[in-house]
Amino acid sequence: MSCPWNETAYVFYVCGHQVAQKYGLYRGLQATDEMGVVVVPREDEEPLMETPSQLVFVADPCCAKVAGLSGLKVRAAIRAGNNTEAAQAMAPAAARYLLAPTATELLDHQADFEKLGVQPFIADPVVSRDKLKEALSSRLGPKAMVPVNDLSKLLQALDPSWTHEELSKLFKASEHNCDGNVSAVGFVDWLFTVC
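Residues numbered from 1 in each chain as written. Predicted model: local features only at pLDDT ≥ 70, side-chain atom pairs only at ≥ 80, totals over all residues. Heavy atoms only, no water.

An unreviewed UniProt entry lists the protein under the name EF-hand domain-containing protein, from Polarella glacialis.

> Run through the overall build of the protein, naming residues and quoting values.
Counting its regular elements, the protein contains 11 helices and six strands. Expected size for 195 residues packed as a compact globule is a radius of gyration near 16 Å; at 23 Å, the protein overshoots this value by more than 25%. Here the C-alpha coordinates of the protein stretch approximately 60 × 45 × 35 Å along the principal axes. For the protein, restricting intrachain contacts to residue pairs at least 6 apart in sequence, the fraction spanning at least 24 positions comes to 40%. (Helix = DSSP H or I, 4+ residues; strand = E, 2+ residues; numbered from the N terminus. Rg over C-alpha atoms; globule rule 2.2 N^0.38 Å. Contact = heavy atoms within 4.5 Å.)

> I'd like to hear about helix 3 (residues 71-79), residue by residue, with values.
Turning to helix 3, its buried residues number three or more, namely Val74, Ala77 and Ile78. In an axial view of helix 3, the angular spread of the buried residues amounts to 100°, which keeps them on one side of the axis. The elements touched by buried residues of helix 3 are helix 4 (83-88), helix 5 (92-99) and helix 7 (110-116). Where helix 3 terminates, the next one or two residues include Gly81, which has phi positive at roughly 80°. (Buried < 20%, exposed > 50% of the residue type's maximum accessible area, 1.4 Å probe, protein only. Arc of directions from axis to C-beta.)

> Run through the sheet that holds strand 3 (residues 56-58), naming residues and quoting values.
Two strands in a sheet stick together by hydrogen bonds in their backbones, pointing the same way (parallel) or opposite ways (antiparallel). Spatially, three strands are ordered 1-2-3 in an open sheet, and the strand pairing comes out parallel. Of all the strands in the sheet, just strand 1 (11-15) and strand 3 have a single pairing partner and so form its edges. Each adjacent strand pair in this sheet contributes to an overall mean axis angle of 25°, direction not counted. Two strands pair when backbone bridges link them, and strand 2 (residues 35-39) and strand 3 are joined in this way by three bridges, in the parallel orientation. Of the residues in strand 3, the one forming a bridge with Val38 is Phe57. (Pairing = 2+ DSSP bridges. Axes fitted to C-alpha atoms, helices over the stretch in contact; angles between N-to-C directions.)

> I'd like to hear about the pattern of salt bridges, residue by residue, with values.
A complete count under the given rule lists four salt bridges for this structure. Glu45 is paired through a salt bridge with Arg42; the nearest N and O atoms lie 3.8 Å apart. Judged by relative accessible area, which is 33%, Arg42 ranks as partly exposed. (Salt bridge = Lys/Arg side-chain N within 4 Å of Asp/Glu carboxyl O.)

> I'd like to hear about the side chain of His17, residue by residue, with values.
As for its placement among the helices and strands, His17 is situated in helix 1 (residues 17-22). A relative accessible area of 8% places His17 in the buried class. With near-sequence residues (within four places) excluded, His17 lies in contact with Tyr26, Val39, Val40, Pro41, Glu45, Glu46, Pro47 and Leu48.

> Kindly report on the nonpolar core, identifying the contributing residues and their values.
Residues Leu151, Leu170, Phe171, Val182 and Phe187 are the most contacted members of the largest nonpolar core, which totals 14 residues. Those elements giving two or more residues to this core turn out to be helix 9 (148-158), helix 10 (164-173) and helix 11 (184-194). The leading source of residues in this core is helix 11, at five residues. Apart from the residues lying within four places of it in its own chain, the contact partners of Leu170 are Leu155, Trp162, Phe187, Trp190 and Leu191. (Core = buried A, V, L, I, M, F, W, Y, C linked by side-chain atoms within 4.5 Å.)

> Before we move on, can you summarise the environment of Gly36 with the specific residues and values?
Its location among the elements puts Gly36 in strand 2. In sequence terms Gly36 and Thr8 are 28 residues apart; their C-alpha atoms lie 13 Å from each other. If near-sequence neighbours (up to four positions away) are discounted, Gly36 is found in contact with Val11, Phe12, Tyr13, Leu29 and Leu55.

> Report on the packing of helix 9 against helix 10, specifying residues and quantitative values.
Relative orientation of the contacting elements helix 9 and helix 10 amounts to 125°, with a least axis distance of 11 Å. With respect to helix 10, the element helix 9 is oriented oblique. Every pair of crossing elements has a handedness; the one defined by helix 9 and helix 10 is right-handed. Seen from helix 9, the contacting residues are Val148, Leu151, Ser152, Leu155 and Gln156; seen from helix 10, they are His164, Leu167, Leu170 and Phe171. Among the residues making up the contact of helix 9 with helix 10, the classes are represented as six nonpolar, three polar and no charged. (Parallel < 35°, antiparallel > 145°, perpendicular 65-115°, else oblique. Left-handed = near helix turned anticlockwise from the far one by under 90°. Nonpolar A, V, L, I, M, F, W, Y, C, P; charged D, E, K, R; others polar.)

In structure tokens form, the structure reads like this:
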């Protein structure tokens, strides 16, 4: 894969020792010289030696908590509707995407979401508004002002597809924006009336 700055970008497949052995990955991904393998063994496993010439590297053994993670377990948790367990096994942005995809994301990758057993999330806006207001009030106080930057970070953590430009427009349109701070509860009420 060629990069605009004329350097090679390497892609690595990360797997455990057993997967590497089962699929012969200790020999490397010989289809291309730009793809490699990183084997992450468990503490009780004896991995084979790494071969840098084949782009095969062996990481330090992972701890028991990480060793318990597997794609199979994550898929089973998603199918069972155990979103908490599934979310703990991945980055927040990945959890948001997999467990609460937008309508567009569902359409774009419909077959994949169906295979995983992910159902569209349809929330009652009144219940959602009240829960969000309650959470903000209990955490910050009913009259709390929140810096726009903090609220931007929160919205992007919930949905990484938000751009800085979109958030800027959103806060400029809000009647609750004052000196770079937003009334948390007032903003939530406003947001749910305009959406």
